[in-house]
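Overview (structure and organization)
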Amino acid sequence: MNALRLAAEEPQNPLLPHLDELVIGLIAFVIVFGFLAKKLLPNINKVLDERREAIEGGIEKADAAKIEAESVLEQYKAQLAEARHEAARMRQEALEQGTALKEELRAEGQRQRDEIVAAGHTQIEADRKQAAHSLRQDVGKLATDLAGKLVGESLEDNARQSRTIDRFLGELEEKAEAAR
């Protein structure tokens, strides 16, 4: 009893529990651990497995979506390159058509200008001939009248008058050509 008293009187270390508390705590721990191992641990493992499968499935889906997105991106880039090529071809074609149209219009303008110039030359030549003929008649009439006044008799004979006029104008034309 002395030992018990000494042990009871001896101050107890607060960090060391009593032996009976230690045994009761150990038994309670084993019971709680057994309960958790039997009931909770399978449910926890099941939820963790489902979560892992969902994450892995999500990763696989993400990889598949990434591959599909890359495929769509490549198709888009190919279509964009084709569209750019088509646009460049259309620009080149429009430029060629514009150049051809410009050349065609230029040729048409040149042809119309040539026609107008030719028509002008023809008109000028016709007007010159008409003016020469009219001048010839007027000069002939004036010359005949003047010659008739100088000679003192009428030179109304048309045949003679025409020959005289033609001879006179012919001499004038020869002098004008010689002067050139």
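See the structure shown above.
Presented here is an overview of the structure given in this document. Quick caveat, the model's predicted, so the values are computed rather than measured.

1. Some words on the overall build of the chain
Along the chain, the regular secondary structure elements total three helices and zero strands. The N-to-C order of helical and strand elements in the chain reads α-α-α. Of all 180 residues assigned to the chain, the portion counted as buried reaches 3%. Total accessible area on the chain stands at roughly 16,300 Å², and carbon and sulfur atoms take up 61% of it.

2. Concerning a nonpolar patch on the surface
On the surface, a cluster of nonpolar side chains totalling about 610 Å² of accessible area is made up of V32, F35, L36, L40, L41, I44 and L48. With respect to the helices and strands, F35 occurs in helix α2 (residues 19–151).

3. A few points about the pattern of salt bridges
In this structure the tally under the stated criterion is eight salt bridges. Between E86 and R89 there is a salt bridge, with its nearest N and O atoms 2.3 Å apart. Placement of the pair is E86 and R89 together in helix α2, with a separation of three residues, close to one helical turn. Since its relative accessible area comes to 37%, R89 is described here as partly exposed. The partner of E93 in a salt bridge is R89, and the shortest N-O contact between them spans 2.9 Å. Placement of the pair is E93 and R89 together in helix α2, with a separation of four residues, close to one helical turn. Residues participating in the shared-partner salt-bridge network are E86, R89 and E93.

Here is what the cut-offs are and how they apply
- Residues numbered from 1 in each chain as written.
- Predicted model: local features only at pLDDT ≥ 70, side-chain atom pairs only at ≥ 80, totals over all residues.
- Heavy atoms only, no water.
- Helix = DSSP H or I, 4+ residues; strand = E, 2+ residues; numbered from the N terminus.
- Buried < 20%, exposed > 50% of the residue type's maximum accessible area, 1.4 Å probe, protein only.
- Areas by Shrake-Rupley, 256 points an atom, 1.4 Å probe, with all protein chains shown as cover.
- Patch = residues over 30% accessible without salt bridge, like charges linked within 9 Å, V, L, I, M, F, W, Y side chains within 5 Å.
- Salt bridge = Lys/Arg side-chain N within 4 Å of Asp/Glu carboxyl O.

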